[in-house]
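# Structural overview
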Amino acid sequence: MDAKDILGLPKTPLPITQEKKSQPKKDSQRKPDGISREVYALTGGLAPLMPSIDTTQLKRRPPSDEKITWQWLPFTNSARKDNLQLYHWVRVVNGVSPTGDYSFAKYNKSVDIVRYTDEEYEKHLTDPMWTKKETDQLFDLCERFDLRFIIIADRFPSSRTVEELKDRYYSVSRAILLARAPSPGDVSAHPLIKEPYNVSQEVDRKRALSMVLSQTKQQERKDAEVLAEAKRITESRMAARGVEESTLHVAPNAGPEIAETANVDGTVSPSSNVQLASAAVAPSTSVTAENASTLASLRMLRVYLRTYALEQMVQAASSTAGLRTIKRVEQILQDLGVNLKPRVPTKAVCAEHLELRKEILTLLNLQKQLQYKEAEGSSFRDGSYTEMPGTPKRSHRDQDGIFIPDSMSFGGERAGRRDQKRKGPGRLSDAPASPAAHKRPRKLKASDL
Amino acid sequence: MSRAEDTEKKIKKLKDVEISVPIVYGNISFWLGKKANEYQSHKWTVYVRGATNEDLGVVIKRAVFQLHSSFNNPTRVVESPPFELSEAGWGEFEIAITLYFQSDVCDKPMNLYHHLKLYPEDESGPMSTKKPVVVESYDEIVFPEPSEGFFARVQSHPAVTLPRLPAGFTLPPVPVEDASKRKRGDTKDHPLSQWFMNFSEADELLQLAAARQQVQAHIAKLRRQISLIDGQHQQLKSTSDQ
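Criteria and cut-off values
- Residues numbered from 1 in each chain as written.
- Chains lettered and ligands numbered in written order.
- Predicted model: local features only at pLDDT ≥ 70, side-chain atom pairs only at ≥ 80, totals over all residues.
- Heavy atoms only, no water.
- Buried < 20%, exposed > 50% of the residue type's maximum accessible area, 1.4 Å probe, protein only.
- Helix = DSSP H or I, 4+ residues; strand = E, 2+ residues; numbered from the N terminus.
- Pairing = 2+ DSSP bridges.
- pLDDT = per-residue confidence, 0-100.
- Contact = heavy atoms within 4.5 Å.
- Core = buried A, V, L, I, M, F, W, Y, C linked by side-chain atoms within 4.5 Å.
- Axes fitted to C-alpha atoms, helices over the stretch in contact; angles between N-to-C directions.
- Parallel < 35°, antiparallel > 145°, perpendicular 65-115°, else oblique.
- Nonpolar A, V, L, I, M, F, W, Y, C, P; charged D, E, K, R; others polar.
- Expected span 1.5 Å × (residues − 1).
- Arc of directions from axis to C-beta.
- Polar contact = N/O pair within 3.5 Å; in protein donor to acceptor, adjacent residues only side chain to side chain.
- Phe/Tyr/Trp six-rings, centres within 6.5 Å; stacked < 30°, edge-to-face > 60°.
- Lys NZ or Arg CZ within 6 Å of the ring centre and 35° of its normal.

Residues and elements named next belong to chain B. Burial along strand S7 (residues 110–115) is one-sided: the face carrying Met-110, Leu-112 and His-114 is buried and the face carrying Asn-111, Tyr-113 and His-115 is not. As defined by bridge partners, strand S6 (residues 94–101) adjoins S7 across six bridges and the pair is classed as antiparallel. Paired with Leu-99 across the two strands is Met-110, which belongs to S7.

Residue and element names in this part refer to chain A. Residues of chain A with pLDDT of at least 70 account for 60%, and the chain-wide mean is 71. This model gives residues 250–285 a pLDDT under 50, and the stretch forms 31 contacts once residues within four places in sequence are excluded. Low pLDDT (under 50) marks residues 382–449, which in the prediction has 104 contacts with non-local residues, meaning those over four places away or in another chain.

Taken in spatial order, the five strands make up an open sheet running S3(A)-S8(B)-S1(B)-S2(B)-S5(B), and their pairing is antiparallel. Strands at the two margins of the open sheet, each flanked by one partner only, are strand S3 (304–305) of chain A together with strand S5 (83–89) of chain B. As judged from the twelve bridges shared by strand S1 (residues 18–31) of chain B and strand S8 (residues 133–144) of chain B, these two strands associate in the antiparallel manner. Each residue of the ladder has a partner; that of B:Ile23, found in S8(B), is B:Asp139.

Right, let's get into the nonpolar core. Side chains that are nonpolar tend, in soluble globular proteins, to be buried together. Counting 40 residues, the largest nonpolar core has B:Val59, B:Leu99, B:Phe101, B:Ile141 and B:Phe143 as the members making the most contacts within it. When residues of this core are traced back to their parent elements, those giving at least two are S1, strand S2 (42–50), strand S3 (60–66), S5, S6, S7, S8 and helix H2 (148–154) of chain B. Counting residues in hydrophobic clusters, the runner-up holds 21 residues, among them A:Ile332, A:Leu370, B:Ile219 and B:Ile226.

Residue and element names in this part refer to chain A. Secondary-structure assignment places Phe-75 in strand S1 (residues 68–75). Taking the C-alpha atoms as reference points, Phe-75 and His-88, 13 residues apart in sequence, are found 7.4 Å from one another. Residues within four places of Phe-75 in sequence aside, it is in contact with Leu-84, Gln-85, Leu-86, Tyr-87, His-88 and Tyr-102.

A few words on the packing of helix H6 (residues 132–144) of chain A against helix H8 (residues 162–180) of chain A. Residues and elements named next belong to chain A. Two numbers describe how H6 lies on H8: the axes approach to 11 Å, and their chain directions differ by 95 degrees. In terms of their interaxial angle, H6 and H8 are classed as roughly perpendicular. Residues Thr-135, Leu-138, Phe-139 and Cys-142 of H6 lie in contact with H8, whose contacting residues are Leu-165, Arg-168, Tyr-169, Val-172 and Ser-173. Here the residues of the contact of H6 with H8 sort into six nonpolar, two polar and one charged.

Residue and element names in this part refer to chain A. Its 13 residues give helix H14 (residues 323–335) an end-to-end C-alpha distance of 18 Å, which sits within 8% of 18 Å, the value for a rise of 1.5 Å per residue. Taken residue by residue, H14 has Thr-325, Arg-328, Val-329, Ile-332 and Leu-333 as its buried positions. The buried residues of H14 occupy an angular sector of 140 degrees when projected down its axis, which confines them to one face. For H14, the exposed residues set more than 90 degrees away from the buried face come down to Leu-323 and Lys-327. At the exit of H14 stands Gly-337, carrying a positive phi of roughly 75 degrees.

All names here are of chain A. Checked against the element boundaries, Thr-135 lands in helix H6. Here the side chain of Thr-135 touches Thr-131 through a polar contact of 2.8 Å, landing on its backbone oxygen. Beyond its immediate chain neighbours, meaning those up to four positions away, Thr-135 contacts Tyr-116, Tyr-121, Trp-130, Arg-168 and Val-172.

Residue and element names in this part refer to chain B. With antiparallel pairing, the four strands of this open sheet are ordered in space as S4-S3-S6-S7. Of all the strands in the sheet, just strand S4 (75–78) and S7 have a single pairing partner and so form its edges. The average angle at which neighbouring strand axes cross in this sheet is 20 degrees, direction not considered. Of the strand pairs in this sheet, S3 and S4 are connected by four bridges, and their pairing is antiparallel. Bridging across to S4, Gln-66 finds its partner in Thr-75.

In this section: the packing of aromatic side chains. In the structure shown here, the tally under the stated rule is 21 aromatic pairs over all chains. When the ring of A:Phe149 is compared with that of A:Tyr170, the centres are 6.0 Å apart and the planes differ by 45 degrees; the resulting orientation is tilted. Of the two residues, A:Phe149 sits in helix H7 (residues 149–155) while A:Tyr170 sits in helix H8, which places them 21 residues apart along the sequence. Among the residues examined, A:Phe149 registers a relative accessible area of 5% and is labelled buried. Given the relative accessible area of 22%, A:Tyr170 is considered partly exposed. Feature note: the residues A:Tyr116, A:Tyr121, A:Phe139, A:Phe149, A:Tyr169, A:Tyr170 and A:Tyr197 constitute an aromatic cluster, connected by ring pairs. A cation sits over an aromatic face here: B:Arg49 above B:Phe196, 4.1 Å from the ring centre. The ring of B:Tyr100 has B:Arg62 lying over it, and the distance from NZ or CZ to the ring centre is 4.9 Å.

If you want it as structure tokens, here you go:
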């Protein structure tokens, strides 16, 4: 059945319809060059996914007088040196079998390797690190494996790194080239002379590369570790909450004041990690400096809107924070039911709004710190966490319910983990018990790729 | 006081003093109902008023409303308070309002942007000719380091928020203008005043105070937890040292 039958069109329709109908059919099958401009435009002029055959070949019909047969014929391969006789199917036109070399022989490339005489070796190539025998072996292997140094290093009888082998090969080749040239200028354009092999750079490059590669794997493993430890951390946190609960019972009024004073002088309890403590304090000092400069630039305007001033101040205050942190601050503001932009931006309201934002930043910092400390604690406790005896357990949700949904503590966790990653190396050095600390040296050995 | 002294006073800047003018800007729009036609479905008024409906003329000399280019004379200049403009139309667009200040205030104009709103947020409800659509924004025009002349002139004016002057600083009293002589520029008895929105600083401050309290409590809790963990670490360290 034909589309024309369905549509009730005459069998010999207008030439236009015929053209329209027949063209796409041809297109999809074997006449890509017959494609109409419009249809081609639909493909966006993109290259086809599959390699396409030269369309002129397709268009040309084999002349009718050509008689093509396929025959099982012997052939020789000039790339071989053993004169092995093999057979393959060959397209024979009018009984004339194709002559010439085997078509794949040209792909057998071999590297032209410079060889030296004993005399040349004595004169130019002696090296305290290399014997002549070793050098000879190296050059034999270079020829045999076409400078595939990874394989050469594998087959090399004595233990040498890829870089050492390359260095020896290239320096010898260079020396010979220079020695044989009538003047140094004659070979200055030669790639071996122009771009000398730089061992130290190459070693550094591979070390850097392997560090990058090993880093990600390390992090992957670390992520898995973090997930595995999550349970333990929640446990320790619950214990901490229990203790906190009991201290609250002892001195119900003392808590906020202590926190307040701690807030003022900026010290964050006795901590093993000074770096972290200072990081938590730093933003507050820089914020005031930024505020001052923002105020100065506002004064320059001579007239401005309060909302504009607030925007500038908010921006300055969060300039040290990352985009994610800023988003978190805004999320918390929303959770607290506070307008991101005050509805009545008086001076007092703006000041309060700014203070609130700063406090939320402090809060996020502390969450990070707590997260970090919990992770640190569980790592140096080495899994043997001793739970406080007689501490009443309380559910997580129960405690947090008063303020800000779980997403907050969850986000804090994430932030904490990120923090850990960033400070990874530093942490490893002061916590040698961590299993991750052993990984790096091993990774470095794998750099001989 | 000599004339030279007088001009000097006017130019001299007051450091660490800022004058702010609380304003409200926005629009009120009435649907014309049966009288509506294709091009004029709403009658609207866009304005800049004092937050407490005081006369802004003491600071603002002129307001220029830049309407959509499809209006006749799209640049409308209002030379005296109240700074408002009424029009009829069918479309919403952004109105740029340029405020020019009195000569002793600031020679730089300032721009406000208001998106004219004619149609109510929730489109399901029937449109009413009685109840207008009101959109207003509160803001404050801030003049950092105002001139002494400006300060002296407006120091007792209700449209302006002033800080207390530093101790030992006195300004000559300014003759109080006879209110009856002036054309009234305030919007206290404005025909639309029943629709004006309320902007309560107190509510906003309460909300913020409550939020800050919550955050501070959380901070205190976190600090306690951190010190607790530190204590545990110390303990573990000392036991492992033994």
